[in-house]
Amino acid sequence: MKVTKAVIPAAGLGTRVLPATKSMPKEMLPIVDKPAIQYIVEEAVRSGITDILIITNRGKGLIEDHFDRAPELEAKLQSGGPDKQKTLEEIVEIAHKANFYFVRQKETCGLGHAVHCAKSFVGNEPFAVLYGDDVIIGKDPACGQLIRAYEEYGLGVVGVNKVTEEAITKYSSLKVEPLHDSFFKCTDMIEKPSPDKIMSLYSILGRCVLTPDIFEILEKTGPGAGGEIQLTDAMRTLARRDGMIAVDFTGTRYDMGNKLGIMKAQVEVALQHPEIGDDFRAYLKGLSKTL
Ligand code: UTP
């Protein structure tokens, strides 16, 4: 079955980016001139996704507004002459990138709990999950790479990259065996492993494709690391029971959930930006001489 639905959990509290995220959703933090979540939506759409459910909570209304029309702004741009027409088209297009749906996670009980809020939206179909604070930029959209693995094997798929030994204790670690190219079979995983529990340096980074089987498993999954219902714990049950596929995806991933990740994203994307790229490069070169 084709994967056309995606879920973007964006209901976290963003405590690592305070005070910026006190009233502003971290998923709306801009990378140069686009909010993080727009990059994620664009990746999903380029991967063939047509229907997107964004999991929000109190105070995340800005996300809904961003993917809606903005009549006053549009009228202003309309009367602003030919140079504003391109901006107008871009602004209008945001609302039509996909069919958008929103549901509130009423309590912030973890990523697994957030994904469970998608149960009725998903129905009986496979679906992609794109974590709302993980932006991945690349020619071949990461979500699409995972969908290809799902189409080949019909199993749940996780997007992975190798990370350092130090970083893996903050993420997850997977037991994997190579299949072909960047595809691996995954039969076990652990969230935030202590150094003696590390299975490999492959860690799940922000993307998966799941079948609706995950909901029944999530219903039986108790709180894990940090007292939250962890999606990784539910996927571990799935990996041990049926096996999953791990895809070592291509693309550069930016963790918009921490301050350094946000700054790396800003600098690298600004350097490639058609409007400011050249000026920014010149500025950085000058600045680097003073460091
Ligand atoms: P994180 O664990 O990185 O988000 O979840 P967080 O809880 O906002 O982080 P900190 O530690 O407080 O800074 C990854 C993704 O899952 C969403 C987040 O919005 C983020 O996009 N999430 C997390 C939910 O939707 N609900 C939750 O209960 C937890």
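Residues numbered from 1 in each chain as written. Predicted model: local features only at pLDDT ≥ 70, side-chain atom pairs only at ≥ 80, totals over all residues. Heavy atoms only, no water.

A.B. asks: Help me out: how do you make sense of the packing of helix α3 (residues 71-78) against helix α4 (residues 85-94) in this one?
C.D. replies: Pairs of packed helices are described in terms of their axes, by the angle between the two and the distance that separates them. Closest axis-to-axis distance for the α3/α4 pair is 9 Å, and the angle between their directions is 160 degrees. Put simply, α3 runs roughly antiparallel to α4. As α3 runs across α4, the sense of the crossing is left-handed. Facing L73, E74, L77 and Q78 of α3, the residues of α4 in contact are Q85, T87, L88, I91 and V92. Among the residues making up the contact of α3 with α4, the classes are represented as five nonpolar, three polar and one charged. (Axes fitted to C-alpha atoms, helices over the stretch in contact; angles between N-to-C directions. Helix = DSSP H or I, 4+ residues; strand = E, 2+ residues; numbered from the N terminus. Parallel < 35°, antiparallel > 145°, perpendicular 65-115°, else oblique. Left-handed = near helix turned anticlockwise from the far one by under 90°. Contact = heavy atoms within 4.5 Å. Nonpolar A, V, L, I, M, F, W, Y, C, P; charged D, E, K, R; others polar.)

A.B. asks: Sorry if this is basic, but what is going on with the pattern of salt bridges here?
C.D. replies: In a structure, side chains of opposite charge can pair up when their charged atoms sit close to one another. Going through the model one piece at a time under the given rule, you end up with 18 salt bridges. One salt bridge connects K60 with E27, and the closest N-O pair in it is separated by 2.9 Å. With K60 in the loop between β4 (51-56) and α2 (61-66) and E27 in the loop between β1 (5-9) and β2 (30-31), this residue pair connects regions lying 33 residues apart in the sequence. For the pair formed by K60 and E27, the shared burial category is buried. (Salt bridge = Lys/Arg side-chain N within 4 Å of Asp/Glu carboxyl O. Buried < 20%, exposed > 50% of the residue type's maximum accessible area, 1.4 Å probe, protein only.)

A.B. asks: In this structure, what is going on with the site of the ligand? I would like to understand it.
C.D. replies: The environment of the ligand is formed by 18 residues, the closest being G12, G14, T15, E27 and Q105. In this structure, an oxygen atom belonging to the ligand sits 2.7 Å away from a main-chain N or O atom of G14. A distance of 3.0 Å is found between an oxygen atom of the ligand and a side-chain nitrogen or oxygen belonging to K26. Contact with the protein chains covers 86% of the free accessible surface of the ligand, which is 570 Å². Broken down by class, the residue content of the shell around the ligand amounts to seven nonpolar, seven polar and four charged. (Near = heavy atom within 4 Å. Polar contact = N/O pair within 3.5 Å; in protein donor to acceptor, adjacent residues only side chain to side chain. Areas by Shrake-Rupley, 256 points an atom, 1.4 Å probe, with all protein chains shown as cover.)

A.B. asks: Honestly, the pairing of strand β10 (residues 183-191) in this entry has me stumped. Any pointers?
C.D. replies: Within a regular beta strand, the side chains point alternately toward one face of the sheet and then the other, so they alternate between its two faces. Buried residues dominate β10, accounting for seven of its nine residues. Here strand β9 (residues 172-180) folds back onto β10 in antiparallel fashion, the turn holding two residues, of which D181 has a positive phi close to 45 degrees. (Pairing = 2+ DSSP bridges.)

A.B. asks: Help me out: how do you make sense of the environment of E191 in this one?
C.D. replies: Counting through the fold element by element, E191 comes out in strand β10. The exposure class assigned to E191 is buried, which follows from its relative accessible area of 15%. Put simply, E191 and R253 are 62 residues apart on the chain and 19 Å apart in space, counted from C-alpha to C-alpha. Contact partners of E191, with chain neighbours within four places excluded, come to Y171, S172, A225, Q230, T232 and D233. In terms of polar contacts, E191 uses its side chain to reach the side chain of K192, at 3.1 Å.

A.B. asks: How should the packing of aromatic side chains be read in this particular structure?
C.D. replies: In this description, a pair of aromatic rings is defined by centroid distance and the angle of the planes. As enumerated under the stated definition, the model contains six aromatic pairs in all. Arranged with centres 5.4 Å apart and planes meeting at 55 degrees, the rings of Y101 and F121 form a pair that is tilted. Of this pair, Y101 sits in strand β5 (residues 99-104) while F121 sits in helix α6 (residues 119-122), and the two are 20 residues apart along the sequence. Taking relative accessible area as the criterion, Y101 reaches 37% and is therefore assigned partly exposed. We note K34 situated over the ring of Y39; from NZ or CZ to the ring centre the distance is 4.5 Å. (Phe/Tyr/Trp six-rings, centres within 6.5 Å; stacked < 30°, edge-to-face > 60°. Lys NZ or Arg CZ within 6 Å of the ring centre and 35° of its normal.)

A.B. asks: Help me understand the nonpolar core, please; the structure alone is not making it clear to me.
C.D. replies: As a rule of thumb, nonpolar side chains are buried together in soluble globular proteins. Judged by nonpolar contacts, the single largest core of 48 residues is most densely connected at I49, I52 and I54. What I52 contacts, discounting residues up to four positions off in sequence, is A6, I8, V41, A44, V45, A98, N99, F100, Y101 and F121. The next biggest cluster of nonpolar side chains, apart from the first, holds 34 residues, and it includes V7, L53, V160 and M235. (Core = buried A, V, L, I, M, F, W, Y, C linked by side-chain atoms within 4.5 Å.)

A.B. asks: Is there a simple way to think about the state of the cysteines in this case?
C.D. replies: A covalent bond between the sulfur atoms of two cysteines is what we call a disulfide. Taken as a whole, this structure holds zero disulfides when the rule is applied. For C186, which is in no disulfide, the shortest distance to another cysteine sulfur is to C208 and amounts to 11 Å. Judged by its relative accessible area of 0%, C186 is buried. Among the cysteines around C208, which has no disulfide bond, C143 carries the closest sulfur, lying 9.6 Å off. C208 sits in the buried class, given a relative accessible area of 1%. (Disulfide = S-S within 2.5 Å.)

A.B. asks: How should I be thinking about unusual backbone geometry in this particular structure?
C.D. replies: Only a minority of non-glycine residues have a phi that is not negative, and only a minority of peptide bonds are not trans. L18 connects to P19 through a cis peptide bond whose omega is 5 degrees. Tracing the sequence through the fold places P19 in the loop between β1 and β2. For V32, which is not glycine, the phi torsion reads 60 degrees and is therefore positive. Here V32 lies in the loop between β2 and β3 (34-35). The residue D181 is not glycine, and still its phi comes out positive at about 45 degrees.

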